[in-house]
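Geometric and topological summary
Below are the chains, spelled out letter by letter.
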Amino acid sequence: WGLMLVLSVAIYGSHAPLLTLCKVDGMIPFNSTSVVVLVELTKLMFSLLFLLTWNRELLGVAVSWRHVAPFALSALLYAANNNLVVHMQLFMDPSTYQVLSNLKIVSTALLYSLFLRQRLSMRKWLALFLLVAAGVSYSCGGLQDPGSPSKMQLHVTLVGLLLISVYCLISGLSAVYTEAILKTQALPLSLQNLFLYFFGVLLNLIGYFWSSAEGGFLEGFSSWVLVIVVSQALNGLIMSVVMKHSSNITRLFVISCSILVNALLSVTLFSLQLTLLFFVAVSCIGLAVHLYYGVT
């Protein structure tokens, strides 16, 4: 369990540096929708492999549409959020998105408490707000390029604020809804994943053809892109285990702790420098972990 969580922290933290390594002349050379389709397809193949290896007896079991249909909505919510991230960039700069997207911690916790009826104490709410503070601190300048101005300027329009609010709401809703399905159904996780990722592949393929993307499906791909696909697929499978046997709150802590890996890779690969805000963020995360999981 601990190894899975550490691996997930490493994958979350390495995602942005890996994307940077993929850039050609400062631009992402591939279609992001193609990558999402391949990630969903890889998760589907892994789920089928797990099913054939450990739950082969389930292949002949009759499954009701009532077991399958809920995963269509879950996949739809995830697909909608993936596309919303792209459109939001038109109404705000990337730095603003990084700062404001931390609000999804609050939306996820609220929906988790409301829909799953998990009452959180004031101590735990304080821990979650510390995670938000950590994310904001890091996004506002936890890393600095020695050759660029240190002052960070944020820009967002009214439409951008509306979109980021919808994004945080859907992000929390998709995560909590998926956790609810995984826990309430008396089905093995490998079979549930098979349903979820089947719809994920289907919906994202529709999105790819709907967007009429220029160039080939695999155009601009490199070995780093393949690393991203495999790592994101593996992380998706780990997160399904977390939601099935733990909770979305654990997932939030994993994402926040990935700041450490992101900073380490950024300093090592791109010669960025840590600032005071990075250490503020680390302190907030450490205190949040103690408040939420520590002995009272």
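Structure: see above.
Parameters at a glance
- Residues numbered from 1 in each chain as written.
- Predicted model: local features only at pLDDT ≥ 70, side-chain atom pairs only at ≥ 80, totals over all residues.
- Heavy atoms only, no water.
- Phe/Tyr/Trp six-rings, centres within 6.5 Å; stacked < 30°, edge-to-face > 60°.
- Helix = DSSP H or I, 4+ residues; strand = E, 2+ residues; numbered from the N terminus.
- Buried < 20%, exposed > 50% of the residue type's maximum accessible area, 1.4 Å probe, protein only.
- Lys NZ or Arg CZ within 6 Å of the ring centre and 35° of its normal.
- Core = buried A, V, L, I, M, F, W, Y, C linked by side-chain atoms within 4.5 Å.
- Salt bridge = Lys/Arg side-chain N within 4 Å of Asp/Glu carboxyl O.
- Axes fitted to C-alpha atoms, helices over the stretch in contact; angles between N-to-C directions.
- Parallel < 35°, antiparallel > 145°, perpendicular 65-115°, else oblique.
- Left-handed = near helix turned anticlockwise from the far one by under 90°.
- Contact = heavy atoms within 4.5 Å.
- Nonpolar A, V, L, I, M, F, W, Y, C, P; charged D, E, K, R; others polar.

Any aromatic ring pair is given by two values, namely how distant the centres are and how the planes are angled relative to each other. Applying the stated criterion across every chain yields a total of 13 aromatic pairs. The interplanar angle of 80 degrees and the centroid separation of 5.0 Å between the aromatic rings of Y208 and F217 together place this pair among those described as edge-to-face. Residues F253 and Y293 carry aromatic rings whose centres are separated by 5.0 Å and whose planes lie at 65 degrees to one another, so their mutual orientation is edge-to-face. Placement of the pair is F253 in helix 10 (residues 248–270) and Y293 in helix 11 (residues 276–293), with a sequence separation of 40 residues. Residue Y293 is classed as partly exposed on the basis of its relative accessible area, which comes to 44%. Among the aromatic residues, ring-to-ring pairing joins Y138, F278 and F279 into one connected group. Just above the ring of Y292 sits the side chain of K124; from NZ or CZ to the centre is 4.8 Å.

Within the largest apolar cluster, 26 residues are counted, with the highest numbers of intra-cluster contacts made by L128, L131, I249 and F253. For this core, the elements supplying multiple residues, two or more each, are helix 5 (104–115), helix 6 (122–139), helix 10 and helix 11. Broken down by element, the residue count for this core peaks at eight residues, all from helix 6.

Okay, the pattern of salt bridges next. Counted by the stated rule, this structure contains two salt bridges. E40 is the partner of K43 in a salt bridge, and the nearest nitrogen-oxygen pair spans 2.9 Å. Of this pair, K43 and E40 both sit in helix 2 (residues 32–54), three residues apart, roughly one helical turn. E179 serves as the salt-bridge partner of K183, at 2.8 Å between the closest nitrogen and oxygen. Note that K183 and E179 are positioned in helix 7 (residues 158–184) at a spacing of four residues, about one turn of the helix. Take K183: its relative accessible area is 38%, and that puts it in the partly exposed class. Among the residues examined, E179 registers a relative accessible area of 1% and is labelled buried.

With that out of the way, let us pick up the packing of helix 2 against helix 9 (residues 223–245). Contact geometry for helix 2 and helix 9: axes closest at 8 Å, N-to-C directions at 50 degrees. Classified by the interaxial angle, the pair formed by helix 2 and helix 9 is oblique. Of the two possible hands of crossing, helix 2 and helix 9 adopt the one that is right-handed. Residue-level inspection shows V35, L38, V39, T42, K43, F46, S47 and F50 of helix 2 in contact with helix 9, the latter providing V225, I228, V229, Q232, A233, G236 and L237. Partitioned by chemical class, the residues of the contact of helix 2 with helix 9 number ten nonpolar, four polar and one charged.

So, about the packing of helix 5 against helix 7. At a minimum axis distance of 8 Å, the contact between helix 5 and helix 7 shows a crossing angle of 40 degrees. For the element pair helix 5 / helix 7, the angle class is oblique. Regarding helix 5 and helix 7, the two cross each other, and that crossing is right-handed. Along its contact with helix 5, which presents K104, S107, T108, L111, Y112 and F115, the element helix 7 presents Y167, C168, L169, S171, G172, L173, V176 and E179. Across the contact of helix 5 with helix 7, the residue classes tally to eight nonpolar, four polar and two charged.

Turning to the environment of C284, a few remarks are in order. Inspection of the secondary structure puts C284 in helix 11. Between the C-alpha atoms of C284 and P94, which are 190 residues apart in sequence, the distance is 23 Å.

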